[in-house]
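# Topology and contacts: notes
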Amino acid sequence: GACVCVCVCMRLVAASLAATAAAVYLVRRRRRRWSVVAFYLLHEADVDELPLLEAAAASLSPGVTLSWGTEMSRAPPEATVFVARLPSAEALDSLKRLRAVIVPFAGPTVTTR
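All figures in this text were calculated on a predicted structure; none of them were measured in a lab.

## Thoughts on the pairing of strand β2 (residues 36-41)
With respect to burial, β2 is a largely interior element, 6 of its 6 residues being buried. Residue alternation in β2 divides its side chains into two sets, Val 36, Ala 38 and Tyr 40 and Val 37, Phe 39 and Leu 41, and both sets are buried. Here β2 runs beside strand β3 (residues 64-69); their pairing, made up of 6 bridges, is parallel. Directly across from Phe 39, in β3, lies its bridge partner Ser 67. You can see the chain leave β2, run along helix α2 (residues 50-58) and come back into β3, and the turn it takes is right-handed. Of the strand pairs in this sheet, β2 and strand β4 (residues 81-84) are connected by 4 bridges, and their pairing is parallel. In the strand pairing of β4, Phe 39 is matched with Phe 82.

Below, the structure is given as structure tokens:
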């Protein structure tokens, strides 16, 4: 299936999670039985925002899970939503069930597009 790319211009991880929720809503409207498994590939600069991620993960709706890590090896193979500042082609190709990509902060670079 086609992948939905959402570009967001914001500075806080919490705001990018709101964008993730919006993308999840749009995709779930198209596929009612689609469970949402989101993985956030943290940049070194985002590590101090772990409490925000933990709070957001604890408050998600049933059927929506969020995990994170600083390496792709932490990504669950069933991930359907990928959040990353600079997603590489290798990272995108490794997520076989990918349905949405969230590029927080400044949107996708020319290379990502």
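## As for the nonpolar core
Val 36, Ala 38, Tyr 40, Leu 42, Leu 53, Val 64, Leu 66, Trp 68, Val 81, Val 83, Ala 100 and Ile 102 form the largest nonpolar core, which has 12 residues in total. Elements represented by at least two residues in this core include exactly β2, β3, β4 and β5 (100-103). In terms of nonpolar packing, the next biggest core, distinct from the first, is built from 11 residues, Phe 39, Phe 82, Leu 95 and Val 101 among them.

## Observations concerning the confidence of the model for the chain
Averaged over all residues, the pLDDT of the chain is 74; the fraction at 70 or higher stands at 62%. Predicted confidence in the chain is weakest over strand β1 (residues 4-7), with a mean pLDDT of 45, and strongest over helix α3 (residues 89-94), with 94.

## Notes on the packing of aromatic side chains
Under the counting rule described, the total for this entry stands at 1 aromatic pair. An angle of 0° between the planes, with centres 6.4 Å apart, marks the rings of Phe 39 and Phe 82 as stacked. Residue Phe 39 is found in strand β2, and its partner Phe 82 is found in strand β4; the two are separated by 43 residues along the sequence. Both residues of the pair, Phe 39 and Phe 82, belong to the buried class.

What counts and how
- Residues numbered from 1 in each chain as written.
- Predicted model: local features only at pLDDT ≥ 70, side-chain atom pairs only at ≥ 80, totals over all residues.
- Heavy atoms only, no water.
- Buried < 20%, exposed > 50% of the residue type's maximum accessible area, 1.4 Å probe, protein only.
- Helix = DSSP H or I, 4+ residues; strand = E, 2+ residues; numbered from the N terminus.
- Pairing = 2+ DSSP bridges.
- Right-handed = clockwise from strand over helix to strand, strands pointing away.
- Core = buried A, V, L, I, M, F, W, Y, C linked by side-chain atoms within 4.5 Å.
- pLDDT = per-residue confidence, 0-100.
- Phe/Tyr/Trp six-rings, centres within 6.5 Å; stacked < 30°, edge-to-face > 60°.

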